[in-house]
Amino acid sequence: MLQDLVFAMSLGSIYLLFALGMSLVWGTIGILNFAHGVIFMFAAFVAYLISQEVTLGLPLLVLIGIAVGALMSVGIQLLAFEPILRRAKDFRTAELQILIGGIGVATIPLAIAQHETKSNPFGITTSFDSQTYEVFGVRISTTQIIIIVAAVVFSAALAIWLRRSRHGLALRAIGVDSETSSLMGANRARLAIGAMGLSGGLAGLAGVLLTLNLGAITPESGDALLVTAFAAVILGGVGSVLGVVVGSYALAMIETWVLVNTSGTWVAAVSFGIIFLVLLFRPQGLFGHAEVRRT
Amino acid sequence: MTSSAIVSTDAPPVLEVRDVKVHFGGVKAVDGISFDITPGRIFGILGPNGSGKSTLLAAFTRYVNLTDGTLRLAGQDYQRIRTADVARRGVARTFQTVRLLPGLTVRENIQLGADLSLNESARFATLRSSLRPRGAVSDAAVDHAVERTGLNGYEQLWPCELSSGLQRGVEIARAIATQPQLLLLDEPTAGMNHSERHEVSRLLRDLKGEGLTQLLVEHDVQMMLDTCDWLFAMNFGKLIAEGKPEDVVRQDQVRVAYLGKRWGQKNA
Amino acid sequence: MIEWYESNLVLIQGTIINLLLALSLQVPFRFGVFSFAGIGAFGIGGYAAAILILEQEVSAVVAIIGAMVVGVAVCWVLGLVVARLGGLYLGMATIAFTLIIAVVAINGGERTGGVIGLFGVLADLPTWTILAFALVAVAILAITERGAIGRRVEAVREDPELAASIGVNVRRYRLVAFVASGALGAAAGAMNTIVRTTIGPTDIGFGIVVLALTMMIIGGTRSWLGALIGAIIFTWLPSILESVGTWQHLVYGALVALAAIFMPGGLLGVMTDGWRGLQRRRRRASRGTSVVEDPTEAEAAAAEEPAAELAPLLDAANTGERGQS
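Everything quoted here is computed from the prediction, not taken from an experiment.

Reading the values: rules and limits
- Residues numbered from 1 in each chain as written.
- Chains lettered and ligands numbered in written order.
- Predicted model: local features only at pLDDT ≥ 70, side-chain atom pairs only at ≥ 80, totals over all residues.
- Helix = DSSP H or I, 4+ residues; strand = E, 2+ residues; numbered from the N terminus.
- Buried ≥ 20, exposed ≤ 12 C-beta atoms within 10 Å, placed from the backbone.
- Contact = placed C-beta atoms within 7 Å.
- Expected span 1.5 Å × (residues − 1).
- Axes fitted to C-alpha atoms, helices over the stretch in contact; angles between N-to-C directions.
- Parallel < 35°, antiparallel > 145°, perpendicular 65-115°, else oblique.
- Left-handed = near helix turned anticlockwise from the far one by under 90°.
- Nonpolar A, V, L, I, M, F, W, Y, C, P; charged D, E, K, R; others polar.
- Core = buried A, V, L, I, M, F, W, Y, C linked by C-beta atoms within 7 Å.
- Pairing = 2+ DSSP bridges.

**Student:** For the overall build of chain A, give the residues involved together with the corresponding values.
**Tutor:** A tally of regular secondary structure across chain A gives 11 helices and two strands. In sequence order, the secondary structure elements of chain A are arranged as α-α-α-α-β-β-α-α-α-α-α-α-α. Seen through its C-alpha atoms, chain A measures out along the principal axes to roughly 60 × 45 × 35 Å. Residue burial in chain A is summarised as follows: out of 295 residues, 52% are buried. Sequence-distant contacts, at least 24 apart, represent 78% of the contacts inside chain A between residues at least 6 apart.

**Student:** Break down helix H11 (residues 224–240) of chain C for me, citing the residues and quoting the values.
**Tutor:** For H11(C), built from 17 residues, the straight-helix expectation of 24 Å at 1.5 Å per residue is met to within 8% by its first-to-last C-alpha distance of 24 Å. Within the span of H11(C), buried status applies to C:Trp224, C:Gly226, C:Ala227, C:Leu228, C:Ile229, C:Gly230, C:Ala231, C:Phe234 and C:Thr235.

**Student:** How would you summarise the packing of helix H5 (residues 142–164) of chain A against helix H8 (residues 188–214) of chain A if you had to cite specific residues and measurements?
**Tutor:** Residue and element names in this part refer to chain A. The geometry of H5 relative to H8 is characterised by a closest axis approach of 9 Å and an angle of 165 degrees between their N-to-C directions. The orientation of H5 with respect to H8, classified from their angle, is roughly antiparallel. As for the relative orientation of H5 and H8, their crossing is left-handed in sense. Seen from H5, the contacting residues are Thr143, Gln144, Ile146, Ile147, Ala150 and Phe154; seen from H8, they are Leu202, Leu205, Leu209, Leu212 and Asn213. When grouped by side-chain class, the residues that make up the contact of H5 with H8 number eight nonpolar, three polar and no charged.

**Student:** For the nonpolar core, give the residues involved together with the corresponding values.
**Tutor:** Within the largest apolar cluster, 284 residues are counted, with the highest numbers of intra-cluster contacts made by A:Phe18, C:Leu20, C:Ala187 and C:Ala212. Residue contacts for C:Ala187: discarding those within four places in its chain leaves C:Leu20, C:Gly45, C:Ile64, C:Ala67, C:Met68 and C:Phe133.

**Student:** Break down the interface of chain A and chain C for me, citing the residues and quoting the values.
**Tutor:** Often, the extent of an interface is quoted as the loss of accessible area on bringing the components together. Opposite the 33 residues of chain A that make contact, chain C presents 31 residues. Put simply, the parts of the chain that give the side of chain A that touches chain C at least two residues each are helix H3 (58–87), helix H4 (91–117), helix H9 (221–236) and helix H11 (267–281) of chain A. Of all the elements, H4(A) adds the most residues to the side of chain A that touches chain C, at 16 residues. Here the side of chain A that touches chain C is composed, by residue class, of 23 nonpolar, seven polar and three charged.

**Student:** I'd like a rundown of the packing of helix H3 (residues 37–56) of chain C against helix H4 (residues 60–81) of chain C, residues and numbers included.
**Tutor:** All names here are of chain C. Contact geometry for H3 and H4: axes closest at 8 Å, N-to-C directions at 140 degrees. Of the possible angle classes, the one that applies to H3 and H4 is oblique. At the point where H3 passes H4, the crossing takes the right-handed sense. Between H3, through Ala37, Ala41, Ile44, Gly45, Ala48, Ala49, Leu52 and Ile53, and H4, the contact on the second element is made entirely by Ala63, Ile64, Gly66, Ala67, Met68, Val70, Gly71, Val74, Cys75 and Leu78. For the contact of H3 with H4, a count of residues per class yields 15 nonpolar, three polar and no charged.

**Student:** I'd like a rundown of the pairing of strand S1 (residues 15–24) of chain B, residues and numbers included.
**Tutor:** Side-chain direction in a regular strand flips from residue to residue, so the side chains alternate between the two faces of the sheet. Residue and element names in this part refer to chain B. As paired elements, S1 and strand S2 (residues 27–37) share eight bridges and run antiparallel to each other. Looking at the pairing, valine 22 lines up with valine 30 of S2. Across five bridges, the pairing between S1 and strand S4 (residues 68–73) is antiparallel. Bridge assignment links leucine 15 to a residue of S4, and that residue is leucine 73.

**Student:** Kindly report on helix H10 (residues 241–261) of chain A, identifying the contributing residues and their values.
**Tutor:** Residue and element names in this part refer to chain A. With 21 residues, H10 should cover 30 Å at 1.5 Å per step; its first-to-last C-alpha distance of 30 Å lies within 8% of that length. Those residues of H10 that fall on the buried side of the exposure criterion are Val241, Gly243, Val244, Val245, Val246, Gly247, Ser248, Tyr249, Leu251, Ala252, Glu255 and Thr256. Where the residues of H10 are buried, they touch helix H1 (2–29), H5, H9 and H11.

**Student:** Provide a residue-level description of the sheet that holds strand S8 (residues 213–218) of chain B, including the pertinent values.
**Tutor:** All names here are of chain B. The strand order across the open sheet formed by six strands is S6-S7-S8-S3-S9-S10, and the pairing between neighbours is mixed. What marks the edges here is a single partner per strand, and that holds for strand S6 (91–93) and strand S10 (238–243). If you compare each strand with its neighbour and ignore which way they point, the axes differ by 20 degrees on average. As judged from the four bridges shared by strand S3 (residues 42–46) and strand S9 (residues 230–235), these two strands associate in the parallel manner. If you follow leucine 46 over to S9, its bridge partner there is alanine 233. With respect to the sheet, helix H1 (residues 53–60) is in contact with S3, S6, strand S7 (182–186), S8 and S9, its orientation differing from that of S7 by roughly 150 degrees.

Below, the structure written as structure tokens:
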């Protein structure tokens, strides 16, 4: 039972690292980045390619993951999403085009990775040696500890940054009212690049850490994670850091429960069920605010 | 009886508004409004931005739900009907910002309004109209609306080719084409120059001549003075004055609401 | 001709099936419903037809119709359930619905063949039958693009509030879009299974979403003609460009992304826009002057507005004063 909890915690932490960035850009600059999953996968894939050549320690691998994720995310923002935003006649149209464009963009790195690996799982070789400790009969590895700590530290840092820093405040202001905040001096385009970079970096970090934890992932694993993260974000409430934290861990607990109590193939259905239940009964999520609209 | 009875004829009111409240959370956008709209006249609602005028119109078209109060259309309670059925009960509206469909020609945009009557006339008329060859459609209601708004010659153009004044005209024409009992106009002259406003004012009075009851929301005072028979002044979701237009604009509280305390009082 | 037809039979059938698949995505888009449920119906229809043929030994036409009934029923219920949602939420919810079909299929035990899927779905399906289904579908859709229905669909997509204000029941139109996408997707899925004699969970994954999206976005979202253009291009392109082969997905994805950025109306949209631009230019030339008034004039009118609209109020105030004194 306690062992399952450790599993759920590390699973939830991966969801959290992944979903944090997704929620950040969706809640502030209104972009639902469908390529987020493939950024996660491709960062791990690049780390895998490099690890084929030289054996690196954990810190460097993590840095590579973050860098690749951030670069991809910023690249997609500059080359695809920003042009769409500039050209679309209204935001509603832009939103949909961005989702479609994201689906298109996402197939490119996926196809590259699938071609190189022949769709087989790939793992990262590293000089980092993950130990397994046993505390009160519960086994936990160094990687799992790192994942959990990273998730907690990064969400806390993000929450504080969004509340305290000038850029964080400007980002949140854009999320509430983009027009007014740009009139008041927030540079939407530059902040958007920053947010996307941050979001991609988190996805890259999650990719490398999960690959190290599981030993190997498949190129397609980003797709499934995308739906899961969407469920976590929806459950917690778009744009709320606390919401993503609660959503990610809650989802991981439910999935672990299903995994333990059924044959396991139904796990993928959990996110789907959550998405529907939340959208039907509490569309703003657990920690989101109902929109107040005045005409 | 409310004081609108002064202008009422023997005919029953088209729209009865009784103690209508619309609150969004803590925001009291409309907070206890009562009046009657009697047939064959032009009524105006005057008020600064954010005074609740547009929310009131949204309540009349069932786009927002009433927090409290009653609305009766031609004597019938009309709170339960769906937004889409409001038009079928004879209430048409125009929007504050021009809302024309960019992919349809001017005539097709106006036809959208006339399509409403298809529901009544024949069950398969809608389908029949889709089976007819393109361009062969002639519709009396559309022709009438085009002529009334002076859009002859513009019918085959795309909305983006028209000036903003003419686009407003199409908006009104579309509403007229539904052959309404009551026409709600949300700032129909916003962004227009003087001569265009004059045109619109004349058009509305002509329509009144044909017996069309209208409720006009505006903040152009001259337009209201020229056009309306009866004026309501609103601020903070409440009625602050009503009466003949020239009387209402003279009242202190209206001037204070509109011009701010200093201006309003200095002139008082 | 006959020789060409026989040697390309698979591609011809594939084109028609892909047309129906693209339409199942395009119809809700045209109605302003951002729903991928039609692709889910493709999977449902594919399995329904396979099960009907394997267990009940029905004919191909009966299997297709049966699959459509199932697809319509599921999408109708889904449409009712997600009626309140819009935009991205609806898009993601229906993507999740589509992806879950494969999960259900994997867990379906013997009936769905689990991870492996179903084989030997043998039924006689002549090309003219596929064509007949497609013709009926296109005819019905063509009607919804014209006249009063066409105008209303346009209004429901572009401006639901406006549509409601002129008496259009927006919810009903949206539900119709869901049901239609269910019928089209299920028909395409059933035909695909029968033509290929097999279906498995990997056939209804994310790849099919991308394919349908590619056909619709490149062809055009506004008319069935756009879906046809897309279906023809993306059924024949892989066989013409042999070299594309393993990079097919990459090419499709890149095309979708480029189209979403630079040509959101698709090829058909580019053509219609070009035609309308030409019409406009010709009109302007024949009139000699532009219909559009000088925009600076309108701006000037707007600029003078605040002062102008308050003037009578001040006047009235002054006359009031005079009257009192």
